Amino acid sequence: MKYNPEQIETKWQKVWAEEKTFIVPNAEPGAGLKGKGADATYVLEMFPYPSGSAHMGHVKNYTMGDVIARFRRHQGQRVLHPMGYDAFGLNSENVAIKTGEPPGKFTEEAIATINRQLRRLGVAIDWSREVVTCRPEYYKWTQWLFLQFYKKGLAYKKEAPVNWCPSCQTVLANEQVIEGACERCDSLVAAKKLTQWFFRITDYAERLLRDFDKLESWPERVVTMQRNWIGKSTGADVVFAIPLVRGDRGDAPVPGATVNVTVFTTRPDTLFGATFFVLAPEHPLVEDLVRGQEREQEVMLYVAKAMGTSAIERASIEKEKTGIFTGRYAVNPVTGGKIPIFVADYVLMEYGTGAIMAVPAHDERDFAFAQKYGLEVVEVISTPAEFKDESGRLTSAYAGDGVLVNSGHFNGLSKAEAIVKVTEWLRDQGKADFAVNYKLRDWLLSRQRYWGAPIPILYCDKCGEVPVPEDQLPVLLPEITDYAPKGMSPLAAAEQWVNTTCPQCGGPARRESDTMDTFVDSSWYFLRYASPWRSDVAFDREAVDYWLPVDQYIGGVEHAILHLMYSRFFTKVLYDLGLVGFEEPFKNLFTQGMIYHKGAKMSKSKGNVVSPDEMVAKYGADSVRSYVLFMGPAESDAEWNDQGIEGIYRFLGRVWRQVTEAVDEGIVGPSAPGGRPADVAFDQETPTAAERAVLVKTSQVVQKATVDVGQRFRFNTALAAIMELNNDIAAARTAGLARNEAGRAVLRHALETTVRLLEPFAPHMGAELWQLMGYGAIWDEPWPQPDPRFLALETVEMAVQINGKVRDRVEVAKDAPTRDVLAQAKSLPGVAKYLEGKTLVKEVVVPGRLVNLVVR
RNA sequence: GCGGGUGUGGCGGAAUGGCAGACGCGCAUGCCUUAGGAGCAUGUGUCUUUGACGUGGAGGUUCGAGUCCUCUCACCCGCACCA
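Residues numbered from 1 in each chain as written. Chains lettered and ligands numbered in written order. Predicted model: local features only at pLDDT ≥ 70, side-chain atom pairs only at ≥ 80, totals over all residues. Heavy atoms only, no water.

Chemist: Tell me about the packing of helix H20 (residues 642-664) against helix H22 (residues 715-734), and name the residues and values.
Modeler: Packing of H20 against H22 brings their axes to within 11 Å, and their N-to-C directions diverge by 45°. Here H20 is positioned oblique relative to H22, judged by the angle of their axes. Of the two possible hands of crossing, H20 and H22 adopt the one that is left-handed. Together, Ile-648, Phe-651, Arg-654, Val-655, Gln-658, Glu-661 and Ala-662 of H20 and Ile-722, Met-723, Asn-726, Ile-729, Ala-730 and Arg-733 of H22 make up the contact between the two elements. Class assignment for the residues of the contact of H20 with H22 results in eight nonpolar, two polar and three charged. (Axes fitted to C-alpha atoms, helices over the stretch in contact; angles between N-to-C directions. Helix = DSSP H or I, 4+ residues; strand = E, 2+ residues; numbered from the N terminus. Parallel < 35°, antiparallel > 145°, perpendicular 65-115°, else oblique. Left-handed = near helix turned anticlockwise from the far one by under 90°. Contact = heavy atoms within 4.5 Å. Nonpolar A, V, L, I, M, F, W, Y, C, P; charged D, E, K, R; others polar.)

Quick look at the structure:
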């Protein structure tokens, strides 16, 4: 019987669908369950964005999750392994703009395609829990969650300079801007001042940092990336006074009157060296300071120019810093000295207060600026000579440690001491306080696009901003005909939909026409899986308590910040709202590497796409699944190799042949003697050396595969071990192990074990061979256990080294005493000749491994 | 610039401080076959081959280093004027 993957795979896929094999009910309601079920495991892969069809990256992602899910089921866990679609978003909308067809149509077609592909891959998914974010039964609850955030003051509207993508015709979150360009289309992002909706994620900055401790296993680099993104720095807020001058407020300034500006600094210890002051071009104070003053025109011209410069250009570090003197001065709060105020584009309005104190001696950027504009440089931290020229002038800024100098009564303090002392001193005068600053900005969630969940807010002339009452949810997307963006959401043009009545006063009201960022949809989908059928709540609390948090989350590293941080934020808010009982949604995270082909990421434009459908048609799902995991460590990027899958296909063919032949020979299968496979224990008194070798190999491979799959996620080495086992079985059969009953029993055990270990990777072949062996549902079998009696061979071959070089080998009993091993080793002819006439200095014996004799 | 990572045969990759190159691909030779992008067997790091050398490079620790430490080079990823 030839291995025919197509035939057996469709056969078993049908069985799994008809028998609802992988549909896992929730625990009985009210079964007294509180909290996570001891037998509950939640394995989740990031759900796909349905843009056409699944690619090899998806195949790898979902296969990996499937292997883990099937493995844990074998270990006796109830496994929640659901699937859904992140179905709102620009891709479908752009198709709609081109074709004029509703985006939902394209989306549903893509979903049907990916659905079919995943089923054809044999992924063990509970399809009864499918979640699709663009369907009203889902986005109703996205809107409901928005309203909960809104009620808590965590969703708010404000006017702010935002990132505008001129091509996508919508605003973007900070996280979606990569090097000044739109992450979707690479267009240069422009700064635009607009009124937009935000989530107050900055309120959670500290907890997002702190709760990394609550995670079990996340890749270090993902944590680091989030940490950097949140960008916490500690220091002080320091108030600088700017004396008013003639023309500021009426014509006669009150003597001593000032306007105060706060700056954030991480280096309050260097305050004595603050020789100038800089405002960002966008800083509102700039206009006030120069109004009616001599330099007004010049400064405002500079401001206009700076604001017209693209974000990338401005951010480019190579670019020379520019700036302009305002003609005004600020008072250094520690020295009382007047320092000039500049406007410069190296100061960013988005960070801190948009104003800085400049300490050129100890800050590289300030130093460069001071050099260019001939500003004073005062050393206040003792600086090593390498940073100075012969005359003792600083040649570059020194940011390192040192002792304070030129700093009045703080002289002699260390940097760390001074940071505290200077801040305290100023705090007592009301001029400073300790402060923490974050790089993280609030999450801009509104989008001027059609294909998203409408923001459930109304604007009434009388009542103002009014949330849509919960019982009126969902706010359905209206059907429209023109999807093209025009700088406003296409929804704004749907007059019938936009114009509505105010639920509070009954008067006319207009709907918010912006929709939500799709990352809102994906920030809670993992909760919906617990009870997607509930139409009365977003999720069933008891079911969520039972299944969540997610035990193993798997996806691409490209979501390290966006999706993963937003989901963490959502979970914390829901925790604060009392809606869930945990603060971190994903206990363990695994980020898989990408699959490349011909040296590049697969993409249609490069023409280097390997189609999963074609590969499945040619080699079968089992081969494709096994190959994507055999390519290399799952977390590494890997290059697709057509000959590689060929090799795996041949391997599966060899297993197939090996087992079917054994069935024909009556070694395994209904006609073979023996009981249930799980009971096979090997009770022959003394196996022969050949039998023992196979038994030992089997147990060792069970042990390795269990650790590799269950703990290390090293599927490639697990498969390699199974290949070794299969090779050894083949060799043993060739050598005549099947000659007698004992040998046949050993072979039977080894073959059955091979099939069971291979089954998570190649579930169809596993099911088919298991059936041919006369057994039932392999997916419900317990995972094989190694037999402790057969974890090591009776004798081991040890290397014998002289001075670290292998000179001979010795065969000894596995637990031979060191003394005997040494004696045997020394008597070896290949060793004795090196010992002759030398002094033995040291003897090292590593049991079971090697002997090292050090001679001189 | 800062942070993180990776460098091992012709290729993908294995190796709790203990015999470097498991497993797979490719290649070679032979067998089988009407045929082979099938199967089987054997071999396959390099070299000046009784042996020596080999994990990007240079040092170090150790009886012993791909693995630990120091320096260095190359490449990749993330952040990037963050005060």
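Chemist: Mind laying out the protein's contact with RNA strand B, listing which residues take part and the relevant values?
Modeler: Taken together, 51 residues form the shell around RNA strand B, and within it Lys-321, Tyr-351, Arg-365, Lys-439 and Arg-809 come nearest. Of all atoms in RNA strand B that approach within 4 Å of the protein, 64% are sugar or phosphate atoms. A distance of 2.5 Å separates a sugar or linking oxygen of RNA strand B from a polar backbone atom of Thr-266. Between RNA strand B and the protein, one listed contact pairs a base nitrogen with a backbone N or O atom of Leu-348 at 2.7 Å. A breakdown of the residues in the surface near RNA strand B according to their chemical character gives 20 nonpolar, 11 polar and 20 charged. (Near = heavy atom within 4 Å. Polar contact = N/O pair within 3.5 Å; in protein donor to acceptor, adjacent residues only side chain to side chain.)

Chemist: I'd love a proper account of the pairing of strand E29 (residues 795-802), names of residues and values included.
Modeler: Burial within E29 is extensive, with six of its eight residues counted as buried. By the bridge criterion, eight bridges tie E29 to strand E30 (residues 805-813) in an arrangement that is antiparallel. When the sheet's bridge partners are listed, Ile-802 is paired in E30 with Lys-805. In this antiparallel pair of consecutive strands, E29 and E30, the connection spans two residues, and Asn-803 shows a positive phi of 50°. In terms of strand pairing, E29 meets strand E32 (residues 850-855) through four bridges, oriented parallel. Note on E32: the bridge partner recorded for Ile-802 is Leu-853. (Buried < 20%, exposed > 50% of the residue type's maximum accessible area, 1.4 Å probe, protein only. Pairing = 2+ DSSP bridges.)

Fair warning: the whole summary comes from geometry, so function is off the table for now.
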